[in-house]
Amino acid sequence: MTVLITGGAGYIGSITTRLIRSTGRAVVVLDTLENGHKAAVGDAPFVQGDIADSQLVEQVCKEHGVDEVVHFAAYKAVGESMENPSKYFQNNVTGSQKLFEALQKCGVNRVVFSSTAAVYGTPTRVPVRESDTLNCESVYAETKLMIEKTLGWYSKVSSMKSVVLRYFNAAGATEDSTLGEDWRHSQNLIPHVMKATLGHAPTLKVFGDDFPTPDGTGVRDYIHVEDLARAHIAALDYLKASGESITCNVGTGFGTSVMQIIEATERVTGKKVPFEIVGRRAGDPAECYADASLIHHTFGWSPEKSLEDIIASAYAWHSSHPLGHDS
Ligand code: UD1
């Protein structure tokens, strides 16, 4: 009984891998290490390779007795996906297709897939529900939606069942500061806030203060990465108990603005966050936060960590790991 974790050397993947192992499940991590780090995998069984390498996936499944999968492996840079769509369709969509084909050959029928709130684009309302209109505004988001749909069809026509988790804004690091995000490869807000706070960037650039939100800055749903990791275990347990395929938001249900993040960071760290207001970033919606009632009612999952926990853990991690896992 082993969980295959694709992309398990990445930020969310490595933290989820560690948590899954702590619950007594055996794992095997498959990662190309193009963006992931071997150090983040620790002593978990590891295979370097690509999800599109069907032969390798089949071999790993057989050798490790894989019976469930958590599928993280994907490219995730929104801007890059608009400049190089083929790279994203190829790796994310075709790669996933090849992975699912190999899983089917090996009789592996339970898949937890990491999708994104970006499939909603600019939500028609907030909090946004799973059944609301999907409106991908980037190639990246479209690739995730295409994989969601592929899994939906497999679920209809085969015995493969899946849980699609639509992540809101994953942030923070492990409580012991040993796993976290590499700010050198992230475009996301919290790593940039930490860079400015710790003096590794002159200022934080706030992308717009003229949104129709209470303080004019963008509002998002920041979810602690360890809470997010726990949602994967709940999803695996649900599928194991013969649950039907389902798509769930994974967020806190609360919106926080960029200004509120800055204020909370100053409160938690006791340091000033130097910032400047610049123009809006293309494609940024004003507000996006989850209706998280479905995951709560289906899996009994709720977030346990606060915004302060996110900021304190990110601060501790980035202070000690300015070069990520290369530090
Ligand atoms: C972004 C991606 C989304 C992806 C998610 C997680 C875009 C348009 N969306 O979401 O597809 O799933 O990351 O990887 O890129 N902000 C600043 N200054 C910064 C960085 C961000 O003001 O230096 C603001 C943004 O305008 C936004 C908020 O902070 O209001 C959060 O931004 P970010 O962390 O990049 O997440 P999303 O845009 O929600």
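Above this note sits the structure.
Rules behind the numbers
- For every chain, the first residue of its written sequence is number 1, and the numbers climb from 1 along that sequence.
- With pLDDT at 70 or above as the cut-off, local features in this predicted model cover only qualifying residues; side-chain atom pairs require 80 or more to be listed or tallied, and sums for whole chains, interfaces and linings still use all residues.
- Only hydrogens and water are set aside; all other atoms, that is, all heavy atoms of the structure, feed into the side-chain values.
- To define a nonpolar core, start from buried Ala, Val, Leu, Ile, Met, Phe, Trp, Tyr and Cys residues and group those joined through side-chain atoms within 4.5 Å.
- Summary of the burial criterion: residues with accessible area below 20% of their type's maximum are buried, those above 50% are exposed, and those between are partly exposed, where the area comes from a 1.4 Å probe applied to protein chains only.
- Going along the chain from the N terminus, every DSSP run of H or I of four or more residues is numbered as a helix, and every run of E of two or more is numbered as a strand.
- Any two residues whose heavy atoms approach within 4.5 Å are treated as being in contact.
- Here, proximity means that at least one heavy atom of the residue falls within 4 Å of the molecule or strand.
- In the analysis that follows, any N or O atom pair within 3.5 Å is treated as a polar contact, provided that within protein one partner can donate a hydrogen and the other can accept it, and provided that, for residues neighboring in sequence, both atoms belong to side chains.
- Lys, Arg, Asp and Glu make up the charged group, whereas Ala, Val, Leu, Ile, Met, Phe, Trp, Tyr, Cys and Pro make up the nonpolar group; the residues left over, Gly among them, are polar.
- Segmentation of the chain into domains, including their bounds, is taken from an automatic or database domain assignment.
- When two cysteine sulfur atoms lie within 2.5 Å, the pair is treated as a disulfide.
- Being paired, for any two strands, means DSSP has found at least two bridges between them.
- By convention, orient the strands away from the viewer: a clockwise path from the first strand over the helix to the second makes the crossover right-handed.
- For every element, the axis is a line fit to its C-alpha atoms; helices are fit only across the contacting stretch, and the angle between N-to-C directions ranges from 0 to 180 degrees.
- Here roughly perpendicular refers to angles of 65 to 115 degrees, roughly parallel to angles under 35, roughly antiparallel to angles over 145, and oblique to all remaining angles.
- If you view the pair so one helix is near and one far, a crossing is left-handed when the near helix is turned anticlockwise from the far one by less than a right angle, and right-handed when it is turned clockwise.

Trainee: How would you explain the nonpolar core if you had to name every residue and give the values?
Mentor: What tends to happen in soluble globular proteins is that the nonpolar side chains get buried as a cluster. Grouped together as the largest cluster of nonpolar side chains are 38 residues, with contacts concentrated most on Val163, Leu165, Ile295 and Phe299. Sorting the residues of this core by element identifies strand S1 (2-6), helix H1 (11-22), strand S2 (26-31), strand S6 (161-167), helix H7 (225-240), strand S11 (246-250) and helix H9 (293-299) as the ones contributing at least two each. Per-element accounting of this core gives the leading share, 10 residues, to H7. Not counting the four nearest positions on each side in its chain, Leu165 is found in contact with Val112, Phe113, Ser114, Ser115, Thr116, Ala231, His232, Cys248, Val250, Ile295 and Phe299. Leu30, Ile51, Val66 and Val164 belong to the second-largest nonpolar core, a separate cluster that totals 24 residues.

Trainee: Got a sec to walk through the site of the ligand? Specific residues and values, please.
Mentor: Among the 19 residues in the neighbourhood of the ligand, the closest are listed as Leu189, Lys205, Arg220, Arg281 and Asp284. Interatomic distance of 2.6 Å between a side-chain N/O atom of Arg220 and an oxygen atom of the ligand. In this structure, Asp284 approaches the ligand through a side-chain N or O atom, which is 2.6 Å from an oxygen atom. Secondary-structure elements contributing two or more residues to the shell around the ligand are helix H6 (189-197) and strand S8 (204-207). Per-element tally for the shell around the ligand: the top contributor is S8, with four residues. The class makeup of the residues in the shell around the ligand is nine nonpolar, six polar and four charged. Both of domain 1 (2-170 + 222-250) and domain 2 (174-221 + 253-290 + 305-326) provide at least three residues apiece to the shell around the ligand.

Trainee: Tell me about the environment of Gly243, and please be specific about residues and values.
Mentor: Summarising the element assignment, Gly243 is placed in the loop between H7 and S11. With relative accessibility at 11%, the residue Gly243 sits in the buried group. Contacts of Gly243, omitting those with residues within four sequence positions, involve Lys161 and Tyr238.

Trainee: Describe the state of the cysteines, naming the residues involved and giving the relevant values.
Mentor: Two cysteines, two sulfur atoms, one covalent bond between them: this is a disulfide. The tally for this structure, following the rule as stated, stands at zero disulfides. Free of any disulfide, Cys106 has its nearest cysteine sulfur in Cys61, 4.4 Å distant. Cys106 sits in the partly exposed class, given a relative accessible area of 24%.

Trainee: Hey, could you go over the pairing of S1 for me, with residue numbers and the actual values?
Mentor: Among the five residues of S1, five are classified as buried, and the element is accordingly described as predominantly covered. Of the two faces of S1, both are covered, the one formed by Thr2, Leu4 and Thr6 as well as the one formed by Val3 and Ile5. In the sheet, S1 pairs with S2 via five bridges, with the strands oriented parallel. Residue pairing for S2: Leu4 is matched across the bridge by Val28. Handedness of the S1-H1-S2 crossover: right-handed. Here S1 pairs with strand S4 (residues 66-71) via five bridges, running parallel. By the bridge assignment for S4, Ile5 is matched with Val70.

Trainee: Kindly report on the packing of H6 against helix H8 (residues 258-269), identifying the contributing residues and their values.
Mentor: Closest axis-to-axis distance for the H6/H8 pair is 11 Å, and the angle between their directions is 45 degrees. Looking at the two axes, H6 sits oblique to H8. Considering how the two elements wind past one another, H6 and H8 form a crossing that is right-handed. Packed against H6, whose contacting residues are Leu189, Ile190, Val193, Met194 and Thr197, the element H8 presents Val258, Ile261, Thr265 and Thr269 at the interface. For the contact of H6 with H8, the per-class residue count stands at six nonpolar, three polar and no charged.

Trainee: Help me get a handle on the sheet that holds S2, residues and values and all.
Mentor: An order of S3-S2-S1-S4-S5-S6-S11 is seen for the seven strands of this open sheet, with the pairing classed as parallel. Edge positions in the sheet fall to strand S3 (46-48) and S11, since each of these pairs with one other strand and no more. Strand-to-strand twist across the sheet, computed as the mean angle between neighbouring axes with direction ignored, equals 20 degrees. Examined bridge by bridge, S6 and S11 share five bridges and lie parallel to one another. Directly across from Val163, in S11, lies its bridge partner Ile246. Against the sheet, helix H5 (residues 139-157) engages strand S5 (110-116), S6 and S11, with an angle of about 155 degrees to S5.

Trainee: Summarise H6; cite the residues concerned and give the values.
Mentor: Judged by how many residues are buried, H6 sits mostly within the fold: eight of nine residues are covered. As for H6, its buried residues are in contact with strand S7 (169-171), S8, strand S10 (222-224), H8 and helix H10 (307-320). Where H6 terminates, the next one or two residues include Gly199, which has phi positive at roughly 80 degrees.

Treat this as a map of the structure, not an account of what it does.
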